[in-house]
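# A look at the structure
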Amino acid sequence: MIDPQLQALIRDVSDSADDTGRRDGHTVVDKEVIAALKAYTVQASQSDFVKSSGSECPFCQSVSVYRGHLGLALGVGKRACICNDCEGTWNEVYGLSGYTVLASPSPR
Ligand SMILES: [Zn+2]
């Protein structure tokens, strides 16, 4: 997970810089610096990812995530995801956890 202070700094710098890179009307923010800050991420742990129900990007914690088709094979599911904010990509991985009965077979 990205350091919260760094994340706040990235948000502050990114949100306050206009298209010309000017911040607060006077400070010029280097777009390469912003890109470097955004690239400085630490991946979420597997357990943190599961705790979030996969709702957040494991790189930047954005909830703006595009999810592809869920593919299933022999009890394992995978779905490709891409973050709309940091452009990180990953697979969500699902496992078979049991079954529920819809209808018991009729007696013969
Ligand atoms: Zn992201």
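What this report covers is the structure whose coordinates are included nearby. (Residues numbered from 1 in each chain as written. Predicted model: local features only at pLDDT ≥ 70, side-chain atom pairs only at ≥ 80, totals over all residues.)

## With respect to the environment of leucine 72
Note that leucine 72 resides in strand β4 (residues 71-73). Expressed as a C-alpha distance, the spacing of leucine 72 and leucine 96, which sit 24 residues apart in the sequence, is 9.8 Å. (Helix = DSSP H or I, 4+ residues; strand = E, 2+ residues; numbered from the N terminus.)

## Topic: unusual backbone geometry
Look at serine 53: it is not a glycine, yet its phi comes out positive at around 55 degrees. Tracing the backbone shows serine 53 in the loop between α3 (46-51) and β3 (65-67). By the C-beta count within 10 Å, which is 8 here, serine 53 ends up exposed. One non-glycine residue, glutamine 61, lies in the positive phi region at around 70 degrees. With respect to the helices, strands and loops of the structure, glutamine 61 is situated in the loop between α3 and β3. The class for glutamine 61 is partly exposed, based on 19 C-beta atoms found within 10 Å. (Buried ≥ 20, exposed ≤ 12 C-beta atoms within 10 Å, placed from the backbone.)

## Some words on the pairing of strand β5 (residues 76-83)
As paired strands, β3 and β5 are joined by three bridges and run antiparallel to one another. Bridged to tyrosine 66 within β5 is isoleucine 82. In this sheet, β5 lies alongside β4 in antiparallel orientation, the contact comprising three bridges. In the sheet register, alanine 73 faces β5, and the bridge partner there is valine 76. Linking two consecutive strands that pair antiparallel, namely β4 and β5, is a turn of two residues; a positive phi of about 50 degrees is found at leucine 74 within it. Pairing analysis gives seven bridges linking β5 to strand β6 (residues 89-95), with the strands arranged antiparallel. Pairing of arginine 79 across the sheet is with glutamate 92, part of β6. As consecutive antiparallel partners, β5 and β6 are separated by five residues, and within that stretch glutamate 87 has a phi angle of approximately 65 degrees, a positive value. (Pairing = 2+ DSSP bridges.)

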